[in-house]
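Observations on the model geometry
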Amino acid sequence: MIIEQEHLQPVTVIEVAPMGYGNPDSSISRKKQLESGELEAEVDTRAQEFIISGEGIVEVQERDDGCIDGRETLELYVTGDGDFYTKPADNSNHERAKVAGGGYITTQAMRLGVGRRGDSIDDDLALVGSDLAEKEIYCGAHSGAHQHGEGTDCGANDKFALILENGLKFSDQITASTEALVKAAGLEFHPEVLERVLANWQATLDDEGYFAGSTGASRLKTILATQAAATEAAGEEKPLAVTKHLDGDHNEDYIIVNYVEGTTFSQGAFADTLRESFPDKDDKNLAQAFVVDAWRVVELAKAAVGEEEFEAAIYAGVAYQVATAATLTDGTLKMFAYTQA
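Because the structure is predicted, anything quoted here is derived from the model rather than measured.

What follows covers the packing of aromatic side chains. For the structure on display, the rule yields eleven aromatic pairs. Ring plane angle 75° and centroid distance 5.9 Å describe the contact between Phe50 and Phe265, whose orientation is recorded as edge-to-face. In this pair, Phe50 is assigned in helix H2 (residues 41-53) and Phe265 in strand E11 (residues 263-265), connecting sequence segments 215 residues apart. Both residues of the pair, Phe50 and Phe265, belong to the buried class.

Phe160, Trp201 and Tyr320 are the most contacted members of the largest nonpolar core, which has 72 residues in total. The dominant element in this core, judged by the number of residues it contributes, is helix H12 (residues 310-328), at 13 residues. In this structure, Tyr320 is in contact with Ala100, Ile105, Thr106, Ala109, Ala156, Phe160, Ile163, Leu164 and Trp201, ignoring residues within four places of it in sequence. In terms of nonpolar packing, the next biggest core, distinct from the first, is built from 21 residues, Val11, Val13, Val43 and Phe336 among them.

With that settled, the discussion passes to helix H11 (residues 294-304). Burial runs high along H11: eight of the eleven residues are buried. When H11 is considered as a whole, its buried residues turn out to be Ala294, Trp295, Arg296, Val297, Leu300, Ala301, Ala303 and Ala304.

Here we take up the environment of Gln33. Inspection of the secondary structure puts Gln33 in helix H1 (residues 30-36). In this structure Gln33 comes out as buried when scored by relative accessible area, which is 3%.

What follows covers helix H9 (residues 216-233). Compared with the 26 Å implied by 1.5 Å per residue over 18 residues, the 26 Å span of H9 between its first and last C-alpha is a close match. Once H9 ends, the next one or two residues include Gly235, with phi positive near 70°.

With respect to the secondary-structure elements, Arg111 resides in helix H3 (residues 103-113). Discounting chain neighbours no more than four positions away, the residues touching Arg111 are Arg116, Leu127, Val128, Asp131 and Ala304.

This paragraph deals with the pattern of salt bridges. One pass over the full model with this rule turns up 19 salt bridges. Here Asp65 makes a salt bridge to Arg296, at a shortest N to O gap of 2.8 Å. Taken together, the residues span a long stretch of sequence, with Asp65 in strand E4 (residues 65-66) and Arg296 in helix H11 at a distance of 231 residues. Arg296 gets classed as buried once you look at its relative accessible area, which sits at 3%. A salt bridge links Arg296 to Glu299; the nearest nitrogen and oxygen atoms lie 2.5 Å apart.

A few words on unusual backbone geometry. Backbone geometry places Glu136, a non-glycine residue, at a positive phi of 60°. Looking at the secondary structure, you find Glu136 in the loop between helix H4 (121-134) and strand E8 (141-144). Of note, the phi angle at Asp153 is positive, near 75°, even though the residue is not glycine. Take Asp153: it is sitting in the loop between E8 and helix H5 (155-158).

Quick look at the pairing of strand E12 (residues 288-293) now. E12 sits mainly inside the fold: six of its six residues count as buried. Residue alternation in E12 divides its side chains into two sets, Gln288, Phe290 and Val292 and Ala289, Val291 and Asp293, and both sets are buried. Where strand E10 (residues 252-258) lies against E12, six bridges are found, and the strand directions are parallel. Bridge assignment links Val257 to a residue of E12, and that residue is Val292.

Calculation notes
Chains are numbered independently. Their residues run from 1 in the order of the written sequence. Local features in this predicted model are restricted to residues of pLDDT 70 or higher, and side-chain atom pairs are both shown and tallied only at a pLDDT of 80 or more, whereas totals for entire chains, interfaces and linings draw on every residue. Water and hydrogen atoms were dropped before computing side-chain values, which therefore reflect all heavy atoms in the structure. Stacked, edge-to-face and tilted labels apply to pairs of Phe, Tyr and Trp rings (six-membered ring for Trp) whose centres lie within 6.5 Å, assigned for plane angles under 30 degrees, over 60, and everything in between, in that order. Only runs of H or I of at least four residues qualify as helices and only runs of E of at least two qualify as strands under DSSP, and these elements are numbered from the N terminus. Accessible area is worked out with a 1.4 Å probe on protein chains only. A residue is then buried under 20% of its type maximum, exposed over 50%, and partly exposed in between. By nonpolar core is meant a set of buried Ala, Val, Leu, Ile, Met, Phe, Trp, Tyr and Cys residues that side-chain atoms within 4.5 Å join together. By the convention used here, residues are in contact when the closest approach between their heavy atoms is within 4.5 Å. A helix is expected to span 1.5 Å multiplied by its residue count minus one. The rule for a salt bridge is simple: a side-chain nitrogen of Lys or Arg has to be within 4 Å of a carboxyl oxygen of Asp or Glu. In short, DSSP must find at least two bridges between two strands for them to pair.

That's the geometry; what it means functionally is another story.
Set out below in structure tokens:
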């Protein structure tokens, strides 16, 4: 279906097959939500109508990015006198590109995929932030309502090592999914390049000291410090990137992969539409969507590695999105792709 939109180029909306593999015990499951009645048929129908209509595609308004998480923002982290605290979020007109865990986490997976590894993941994550800042690229992150202990409630961050493991565990399926997504971007797929990426991920996991002492919380702290340092170095008053605290539970039933550069799928508009359509239903009975802006993966890859490593970095970035979905969901979520018409 081709959608004509004011201010935007026409886009094509394509439904693609669900992944079909993942974590069978995950509660992020379209199948389980339909069976339990948490996702009702009328909500499912209205949600898909909105997705297929293309109404949710909007231009990004902010230069930084965020995570693919479908939940809404409750608060933002800000810094004052060296300490971080939260303030209520303004959810209006702040559309950002979205990748798994935010750009720093996805870029870290890309750099590991091309064999760039230091002594520890926290040190490497700080290096990612400073290197991207030199190219004026800034990235976000988030915590969530189920944050506790050393966990941030961002699965792409907290389960970083497990996601790499699942990239290897499901290597055949990950390869097929990555190939499909790379080809959808109009690129040729070279399986030997992804094999090299997965081998580098395996070498990372075999390095016993690399993740020692690192947790989701320590990595989030590194990202917050990176964001603050970049803003200070640039002499800006407004933060160049934000970290969010998200509200509620996961109700994602769809994965949207967007290839249209400079745009994203508005999860806020999606939520507002469902609330308007079903004003008497609780939020727990309204669907959410994961959103991956594939063009942002390409943008990050260009900034993160040299030309010779560019193709491998893209494969690693895409594979990390897929492996994240395989870790956090049971593989039954419906998938849609947005491409330029």
